[in-house]
8 protein chains.
Amino acid sequence: MLLQPGDKLVMIGDSVTDAGRARPIAEGLFNPYGSGYPNFVYSMLTALYPEYMLHIVNVGSSGNNVTNLEERWQTDVLDLNPDWVSIMIGVNDVWRQFDLQNMPKTWVMPDLYRKTLKSLIERTKPNVKGIFLLTPIYWELNENDAMNARVREYAQICREVAEETGAIFVDVQKNVDSVLNRIKHSCYFSWDRVHPNNPGHYVIARSLLDAMGVEYSRS
Amino acid sequence: MLLQPGDKLVMIGDSVTDAGRARPIAEGLFNPYGSGYPNFVYSMLTALYPEYMLHIVNVGSSGNNVTNLEERWQTDVLDLNPDWVSIMIGVNDVWRQFDLQNMPKTWVMPDLYRKTLKSLIERTKPNVKGIFLLTPIYWELNENDAMNARVREYAQICREVAEETGAIFVDVQKNVDSVLNRIKHSCYFSWDRVHPNNPGHYVIARSLLDAMGVEYSRS
Amino acid sequence: MLLQPGDKLVMIGDSVTDAGRARPIAEGLFNPYGSGYPNFVYSMLTALYPEYMLHIVNVGSSGNNVTNLEERWQTDVLDLNPDWVSIMIGVNDVWRQFDLQNMPKTWVMPDLYRKTLKSLIERTKPNVKGIFLLTPIYWELNENDAMNARVREYAQICREVAEETGAIFVDVQKNVDSVLNRIKHSCYFSWDRVHPNNPGHYVIARSLLDAMGVEYSRS
Amino acid sequence: MLLQPGDKLVMIGDSVTDAGRARPIAEGLFNPYGSGYPNFVYSMLTALYPEYMLHIVNVGSSGNNVTNLEERWQTDVLDLNPDWVSIMIGVNDVWRQFDLQNMPKTWVMPDLYRKTLKSLIERTKPNVKGIFLLTPIYWELNENDAMNARVREYAQICREVAEETGAIFVDVQKNVDSVLNRIKHSCYFSWDRVHPNNPGHYVIARSLLDAMGVEYSRS
Amino acid sequence: MLLQPGDKLVMIGDSVTDAGRARPIAEGLFNPYGSGYPNFVYSMLTALYPEYMLHIVNVGSSGNNVTNLEERWQTDVLDLNPDWVSIMIGVNDVWRQFDLQNMPKTWVMPDLYRKTLKSLIERTKPNVKGIFLLTPIYWELNENDAMNARVREYAQICREVAEETGAIFVDVQKNVDSVLNRIKHSCYFSWDRVHPNNPGHYVIARSLLDAMGVEYSRS
Amino acid sequence: MLLQPGDKLVMIGDSVTDAGRARPIAEGLFNPYGSGYPNFVYSMLTALYPEYMLHIVNVGSSGNNVTNLEERWQTDVLDLNPDWVSIMIGVNDVWRQFDLQNMPKTWVMPDLYRKTLKSLIERTKPNVKGIFLLTPIYWELNENDAMNARVREYAQICREVAEETGAIFVDVQKNVDSVLNRIKHSCYFSWDRVHPNNPGHYVIARSLLDAMGVEYSRS
Amino acid sequence: MLLQPGDKLVMIGDSVTDAGRARPIAEGLFNPYGSGYPNFVYSMLTALYPEYMLHIVNVGSSGNNVTNLEERWQTDVLDLNPDWVSIMIGVNDVWRQFDLQNMPKTWVMPDLYRKTLKSLIERTKPNVKGIFLLTPIYWELNENDAMNARVREYAQICREVAEETGAIFVDVQKNVDSVLNRIKHSCYFSWDRVHPNNPGHYVIARSLLDAMGVEYSRS
Amino acid sequence: MLLQPGDKLVMIGDSVTDAGRARPIAEGLFNPYGSGYPNFVYSMLTALYPEYMLHIVNVGSSGNNVTNLEERWQTDVLDLNPDWVSIMIGVNDVWRQFDLQNMPKTWVMPDLYRKTLKSLIERTKPNVKGIFLLTPIYWELNENDAMNARVREYAQICREVAEETGAIFVDVQKNVDSVLNRIKHSCYFSWDRVHPNNPGHYVIARSLLDAMGVEYSRS
């Protein structure tokens, strides 16, 4: 298990991370983490490693793309002095290229995505024990779906950025695909192929927990 | 134009038809028709044929499948004494087979769909001037998508039922496909491939208005 | 069809244009255009010309008269860099002369109306492909109605300003009159002779769509 | 002054009478009479004749026509044992003929209006000291307005019914006309020519108070 | 009638004047005057003198005492350029001496009341046609009630200030007493002896309308 | 102290007893007793005699007069099997004679008050350990106030009924008078002379606690 | 893993099971399971065994004790035709003995608890594949705490009932104790020692998932 | 009785003091003191010593620890010019050490608690007649409970600070213990062992009232 006693983990991302979290900073009492994968991560890390006294923070914000992360990186990540950071971003960068095909100013194209993401990680790496870089995901197996192809293109950028920066790459899309391959249709896990239901969130959470080396049978 | 002065049209269906209509019966003052295609139909028929004094009624209900229509057919269609009826049903009959893959009691399979739909039309046909049978639609071109294939299977049943009963078949899916073929991705028209945005609703409305033979330049 | 692929149209006006639009700028996802004629224009242009990727913006504001437009012209029109602008203003300029007969400071008299409207168009014309100037309308045929006569006086000013500035004049009142002439009373289209119901909004939308040269049977 | 100490007056009508009154019966504490003319009548009768201990009841209901009054006449008028009854009904009987030109079942035509009104008065007359029959009103002077002409036709029916039954005829329309003749436009008193603002409600209230012979300078 | 065509009347006071008025300034459309005596004054002046085009403004504010009026006198009275001003203040100045017997800082004692009131009137008098100074009132006849005695002491100060400044003195308490003398108990007009019901508000309104010389039978 | 371990006390009355209690029966967890004197009684009895495990129930209902108590006596008192009952009723029986001087059907006159109260107590006495009969109160010392005199007349009836039935008479009015005699005005304790503020509620509570023989210094 | 493809699991209990679930039956779309341990069970079973198409139902109800379960057992358990049932009940049976020490009718004593629980299981056992009987829990290690001792007494009854009936005993309290032994105080997991936070809910969920033999690393 | 006529008492603390008080300063009309012990103190002091005209202020704020008090001491205590101050603080200083065992920045350790508390009292003492220092309390008798032990450690610091500064020490915990010793479990008085129900609040109030030397039988 990578995290050590007393460690602090800051989780940032878009609506998939946000999932109704408390404002301005989701941490501490009264289950402020929303109903998404950070809630699973917080609940399971705390229950499995209670004496570690881990400090989890959710700062995901709905609608964010990577440039929005950049705008609030100082206050919402660096100022919180994390030991670990998890990042899951990119689906909005892509989505606007399809649902707002008529408004190009809302798009974040691959070069900007890559450059911004890399810069954020490089800026943060020296001050933390590790960074988890989760791929953006799309709940779809059809390779001919243009948005699906595009999300996977951005996931590939994530993989490359992780390699270049030493971030820990978490291939969430691979786990999503594994699940989708066992059922008839993705709407069993996601209404719109972007926002998962709670089982879908567990697929994401598990990807991250596995990357941490969590022991599920610890007691 | 098929509708004649003084005619009454009752529109029934699921959430695509409902679209936030007033309860219990959407007709008359204060724009009660919701924000979907029935609103376009009402607005354009009234503006283009004001002296016809057409009477439009929306009785679509979110979540309905064809067996739900059957349960309320007497009160919500026959008792209203329509001259014309429009029916757009089937997407929930199919959808539950995918998003509730684990709850088979919520599914309406092809045979029941066909039989129920046919029975409703046959029961109604003698008392009205005509019935418009609109296909259920799915905002997706990929033929390998299991739900897409299934919706089109139900649309084909509609076509056959229309032929057998003499209902006026309205191939909405064909118009949807035509629009999708001109853009990069269906999410420009529909968030979840089932519920259209307002331009998507106009695609449906136009399918019906064309089937009625509406003159758009009438004055 | 005047609009070309990629064009942006900004629609400004009063409550008839506003019709419950989103704030601060109505554009993009989730049907933000309100329930008035801009919603018809957006829906039909997008459905009939999907590959044009037109960008429609609604910045109408309830209660506005022409001097209110002037106050927000820079931020709400020019800063948005439109290719086309539509303007429908004047009914509040007139109305206050009648429903607030006792508060003259709320009135906008003909000279100020003409001068302000002209100035806005002249200031904007060089930067856009075209400006649609829609007449203010009153849902009433009786020539002896003082407010009706006054609205038509302001519509005539619109016609003259359009001629002087090269704006595209859209005679909405003419279409309104055509519809009213075919029915018994204007309350079939407007509760208070100012705010139309949805069919009335289609009469306005159609006036603008016709002026654009839209093909209703395009596919 | 017609009313005597201890008398009870029940006021019935449509939305002009209702004006937001309390349910189910508007009487007693906490100003339950709504914001319309019954509130003026209650307030001024009580303040000018405090020792009379008059008991005022408002049972007006929005949207009512004369057949709706008939449906609830036993419970909402007769069962209350009034000494006096005021009736102001008819504008919805007429209005639906214009704003719902396409739904004839919502109309109350002159013969039914006359017959029902007369029957209600004849059924009540023997049990009360007097019945005030107020004309329905329309805030419009233009004789060519079809709805205006129709409302005045129903007002004339009121006059005739009053003569035939011995009800006290209150010509509210005459007082409305007198006020309208002194201003530029009816929207100074009524937004939609049916619902008055508070000054307009005082015009109605005064018509009734004058018919009662109220002394405004009593002390 | 003192008011002349085109005149503007600003009415200021405490909760009795406020009575739920609109913010920030109650004037113009949609009955913004609250449910108190200003609503009667507005409604009756407008209905009886429609062609006068009188402009009524209500700026009463709940909880105010005379020093609160002073704080907002410039913006809420002088900046509005009234032709006439009505003032009804003092009951809170007194009330706090009784319901907050334990918090002397909330009290406004007679000298401060007199001095402040006089100063406001003198500062305003040169710019207006006239000032109506209404007494604060208490709905109680018992002379031994300490608060009743105190309110009447402040009413007497009003009378003296009016004489010294040339303001038009309106003895509302006298009319209140006249009404109370004709019934068994003041709670028929006021729940707490300070806030009147609507008939009680008419007693106040009438005091002011009489002072203006209004003709109730004008037509 | 009259109450013994395990005893159950049911408190009934009007709005003074109700004071916002929970529905349908106020007992048990989450402070359901409202903010009035029953809350003081519950809190102090429980804190001073914790090991007594007393069971307090509040079934006061706003607006009730003695006939309303009679209507619900079986379900709200007898069916609860109390050991002790406290009754405080009468102020609404009197109040309506003054604030609804014009609606005599709302009054409960002395004979009916006496007869009903006596009957309730006689019907209950055999099944309980004791009944506390609290006087209705009026926060006013002036003997010339008609409502004050009337409330004291009803309090005297209480005293007589208590004597005749063996109920424990609790002279709350005497304690109220004692407090009022030490201050300048009753509005320090009651806004409208009927509903006390919290200190006023303690005056009532203490009257009852004293009648029970509570030891305030018990520990 | 005990559950087999297509199996249906009904989960019943009190507020710990309820945790804000949807009404009337929590199953199907839109994450209706509340925020407690059933949500973990549903999410993880569905994500780890997607092709099993398991059908999870939550019918926990806040405030329930075992007799409440009995009242709704037919409709809320048997009528749903489950393959598996999980039961977690008892903390309210105990709690009322402490927080309502003064209201013995609200208590469920050990004998009734045992008898009712056993009867429910025996009535159900023949129709299902298995019943999971979870112990009620208390987040406290101090053996001298009376309520803690009592909850453990009821947990022991569960163990005995499970042995006698062949239900699968799930010793949640043991897992709770294990977690508590590794931290300084139980309020890290539970505000009031009864309702866990989300990590606490995972402790419960894991107890059940372990009893099912779930493979956490399945893919 | 320590308090003298005209004295002002400011009560400060955390959620136990706050208990839903009005903002920004709880004083004066409409029972603004919340539902906690300050409401008992206000109600009973006012009812027992009405002619003293005592001025009670509640400035407790939920969640506060002693450093939060320090931040607002100038505005919320000194600027109010009290004659007496009551302080009840410390439970949050302790609680965070247990429910946020993983977030040490939220803890207030004993040295800081002592130092800050002492400084506040020394800064205030010269300007007031007296300061009541109430111990923080925990509704638990078990000495092995870590949080219980810690709260009592902070209570002991209070005792020492009181001795060093001359503040009046109020041993609330002793009274709490006395009550707890007479019942089976603390949840009869407190849901979570921190927030008391209303009887629990009376235990606190009584501790303070006793320290003041209040005569409960005064009249």
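Structural data are supplied above this passage.
The sections below set out a description of the structure shown in this document. From a predicted model like this one, the values you see are computed outputs, not experimental measurements.

Definitions and limits used
- Residues numbered from 1 in each chain as written.
- Chains lettered and ligands numbered in written order.
- Predicted model: local features only at pLDDT ≥ 70, side-chain atom pairs only at ≥ 80, totals over all residues.
- Heavy atoms only, no water.
- Helix = DSSP H or I, 4+ residues; strand = E, 2+ residues; numbered from the N terminus.
- Rg over C-alpha atoms; globule rule 2.2 N^0.38 Å.
- Buried < 20%, exposed > 50% of the residue type's maximum accessible area, 1.4 Å probe, protein only.
- Contact = heavy atoms within 4.5 Å.
- Areas by Shrake-Rupley, 256 points an atom, 1.4 Å probe, with all protein chains shown as cover.
- Lys, Arg positive; Asp, Glu negative; His and termini not counted.
- Charge placed at Lys NZ, Arg CZ, Asp CG, Glu CD.
- Pairing = 2+ DSSP bridges.
- Axes fitted to C-alpha atoms, helices over the stretch in contact; angles between N-to-C directions.
- Phe/Tyr/Trp six-rings, centres within 6.5 Å; stacked < 30°, edge-to-face > 60°.
- Lys NZ or Arg CZ within 6 Å of the ring centre and 35° of its normal.
- Buried area = accessible area lost by both parts, 1.4 Å probe.
- Salt bridge = Lys/Arg side-chain N within 4 Å of Asp/Glu carboxyl O.
- Polar contact = N/O pair within 3.5 Å; in protein donor to acceptor, adjacent residues only side chain to side chain.
- Left-handed = near helix turned anticlockwise from the far one by under 90°.
- Nonpolar A, V, L, I, M, F, W, Y, C, P; charged D, E, K, R; others polar.
- Least-squares fit on C-alpha atoms with pLDDT ≥ 70 in both.
- Expected span 1.5 Å × (residues − 1).
- Arc of directions from axis to C-beta.
- Patch = residues over 30% accessible without salt bridge, like charges linked within 9 Å, V, L, I, M, F, W, Y side chains within 5 Å.

Right, let's talk about the overall build of chain A for a bit. When helices and strands are tallied, chain A shows 8 helices and 5 strands. When the helices and strands of chain A are read in sequence order from the N terminus, they spell out β-α-α-β-α-β-α-α-β-α-β-α-α. What you see for chain A is a C-alpha radius of gyration of 16 Å, in line with the 17 Å of a compact globule of 219 residues. Taking the principal axes of its C-alpha atoms as reference, chain A extends roughly 50 × 40 × 30 Å. The buried share of chain A, reckoned over its 219 residues, is 66%. Here the contacts in chain A between residues at least 6 apart in sequence split such that 76% fall between residues at least 24 apart. As presented, chain A carries roughly 7200 Å² of accessible surface, and 48% of it is formed by carbon and sulfur atoms. Taking the average location of the 21 positive side-chain charges in chain A and that of its 26 negative ones, the two points are 1 Å from each other.

This next bit is on the environment of E:Val85. Residue and element names in this part refer to chain E. With respect to the element layout, Val85 can be found in strand E3 (residues 84-88). Residue classification places Val85 among the buried positions, given a relative accessible area of 1%. Apart from the residues within four sequence positions on either side, Val85 is in contact with Leu9, Val10, Trp73, Val77, Thr124, Val128, Gly130, Ile131 and Phe132.

Attention now goes to the pairing of strand E3 (residues 84-88) of chain F. Residue and element names in this part refer to chain F. Most of E3 sits out of view: 5 of its 5 residues are buried. Burial of E3 is two-sided: the residues Trp84, Ser86 and Met88 facing one way and the residues Val85 and Ile87 facing the other way are all buried. Judged from the 5 bridges that link them, strand E1 (residues 8-13) and E3 form a sheet pairing that is parallel. Bridge pairing links Met11 to Ser86 in E3. Relative to strand E4 (residues 130-134), E3 runs parallel, the two sharing 5 bridges.

Before going further, it helps to spend a moment on the sheet that holds strand E5 (residues 168-170) of chain D. Within a sheet, each strand pairs with its neighbour through backbone hydrogen bonds, oriented either parallel or antiparallel. Residues and elements named next belong to chain D. Spatially, the 5 strands line up as an open sheet ordered E2-E1-E3-E4-E5, and their pairing is parallel. Of all the strands in the sheet, just strand E2 (55-58) and E5 have a single pairing partner and so form its edges. If you compare each strand with its neighbour and ignore which way they point, the axes differ by 15° on average. Its contacts with the sheet put helix H2 (residues 37-48) on strand E1 (8-13), E2, strand E3 (84-88) and strand E4 (130-134), and the angle it makes with E1 is roughly 165°. This element, helix H3 (residues 66-76), spans E1 and E3 of the sheet and lies at about 160° to E1.

Once that is clear, we can look at the packing of aromatic side chains. Inspection of the entire model under this criterion finds 80 aromatic pairs over all chains. Taken together, the aromatic side chains of A:Phe40, A:Tyr202, G:Phe40 and G:Tyr202 make up a single cluster linked through ring pairs. Looking at D:Lys184, its charged tip hangs above the ring of C:Trp107, at a distance of 5.1 Å from the centre.

Turning our attention to the sheet that holds strand E5 (residues 168-170) of chain F. Residues and elements named next belong to chain F. The strand order across the open sheet formed by 5 strands is E2-E1-E3-E4-E5, and the pairing between neighbours is parallel. Since the sheet does not close on itself, it has two edges, and those belong to strand E2 (55-58) and E5, each with one partner. Across the sheet, the mean angle separating the axes of adjacent strands is 20° when strand polarity is ignored. Sheet topology note: the E1/E2 ladder contains 4 bridges and is parallel. Residue pairing for E2: Val10 is matched across the bridge by Val57.

A few words now on the interface of chain F and chain H. Listed per partner, the contact involves 31 residues of chain F and 30 residues of chain H. Sorting the residues of chain F by area buried against chain H places F:Arg182, F:Tyr188 and F:Arg206 first, and these three jointly supply 20% of that buried surface. As a salt-bridge pair, F:Arg182 and H:Glu51 come within 3.7 Å of each other at their nearest N and O atoms. Taken together, the links from chain F to chain H amount to 8 residue pairs in polar contact (both at pLDDT 80 or more).

Residues and elements named next belong to chain F. Taken N-terminus to C-terminus, the directions of helix H5 (residues 110-124) and helix H6 (residues 146-165) make an angle of 35°; their axes are 10 Å apart at the nearest point. For the crossing formed where H5 meets H6, the hand is right-handed. Of H6, the residues touching H5 (which contributes Pro110, Tyr113, Arg114, Leu117, Lys118, Ile121 and Glu122) are Arg150, Glu153, Tyr154, Ile157, Cys158, Glu160, Val161, Glu164 and Thr165. Residue composition of the contact of H5 with H6, grouped by class: 8 nonpolar, 1 polar and 7 charged.

A few words now on the arrangement of the chains. Without any contact between them, chain A and chain F keep their closest C-alpha atoms 20 Å apart. Without any contact between them, chain E and chain G keep their closest C-alpha atoms 39 Å apart.

Attention shifts here to the relation of the copies chain A and chain G. Rotating chain A by 180° and translating it 0.0 Å along the rotation axis places it on chain G, where the RMSD comes to 0.0 Å. Both copies are brought into coincidence by an operation consistent with a two-fold rotation axis. For chain A, the smallest separation between a C-alpha atom and the rotation axis is recorded for A:Tyr216, amounting to 3.3 Å. When the interface residues of chain A are mapped onto chain G, 100% of them again fall at the interface, so both copies present the same face.

Overlaying chain F on chain H yields an RMSD of 0.0 Å, the required transformation being a rotation through 180° with an accompanying axial translation of 0.0 Å. A shared binding surface is used by both copies, with 97% of the interface residues of chain F retained as interface residues in chain H.

Attention now moves to helix H5 (residues 110-124) of chain G. All names here are of chain G. For H5, with 15 residues, the first-to-last C-alpha span of 21 Å sits near the 21 Å given by 1.5 Å per residue. Taken together, the buried positions of H5 are occupied by Pro110, Tyr113, Thr116, Leu117, Leu120, Ile121 and Thr124. Down the axis of H5, the smallest arc covering the buried residues is 145°, so these residues share one side. Residues of H5 that are exposed and angled more than 90 degrees away from the buried face: Asp111 and Lys115. On the buried face of H5, the contacting elements are helix H3 (66-76), strand E3 (84-88), helix H4 (91-99), strand E4 (130-134) and helix H6 (146-165).

Our focus in this paragraph is the pattern of salt bridges. Residue and element names in this part refer to chain H. Scanning the entire structure with this criterion turns up 112 salt bridges over all chains. The closest approach of N and O atoms between Asp18 and Arg23, which form a salt bridge, is 2.8 Å. Classification of Asp18 as buried rests on a relative accessible area of 3%. Of the charged contacts in the structure, one is a salt bridge between Asp76 and Arg72, with a shortest N-O distance of 2.7 Å. Here Asp76 pairs with Arg72, and both are found in helix H3 (residues 66-76), just 4 residues apart, close to one helical turn.

The subject of this paragraph is helix H2 (residues 37-48) of chain C. Residues and elements named next belong to chain C. Taking 1.5 Å per residue, 12 residues should reach 16 Å; H2 reaches 16 Å between its end C-alpha atoms and fits that length. Of all 12 residues making up H2, 12 are buried, and the element is well covered by its neighbours. Of all the positions in H2, only Tyr37, Pro38, Asn39, Phe40, Val41, Tyr42, Ser43, Met44, Leu45, Thr46, Ala47 and Leu48 are classed as buried.

Many structure descriptions define interface size as the accessible area lost when the parts assemble. If you look at the interface, chain A gives 31 residues, while chain G gives 31 residues. Between chain A and chain G the total buried area reaches about 2900 Å² when both faces are included, carbon and sulfur atoms providing 63% of it. It is A:Arg182, A:Tyr188 and A:Arg206 that lose the most area in chain A upon contact with chain G, and together they represent 20% of the buried surface on that side. For the pair chain A and chain G, the number of links is 2 salt bridges. Counting the contacts that link chain A with chain G gives 8 residue pairs in polar contact (both at pLDDT 80 or more). Contributing elements (two or more residues each) for the side of chain A that touches chain G: helix H2 (37-48), helix H7 (172-180) and helix H8 (198-212) of chain A. If one sorts the elements of the side of chain A that touches chain G by residue count, H2(A) sits on top with 8 residues. A breakdown of the residues in the side of chain A that touches chain G according to their chemical character gives 18 nonpolar, 9 polar and 4 charged.

A grouping of A:Phe30, F:Phe30, G:Trp191 and H:Trp191 is seen on the molecular surface, where their side chains present a nonpolar patch of about 470 Å² in accessible area. Following the sequence through the fold, G:Trp191 ends up in the loop between helix H7 (172-180) and helix H8 (198-212). When its relative accessible area of 31% is taken as the criterion, G:Trp191 is described as partly exposed.

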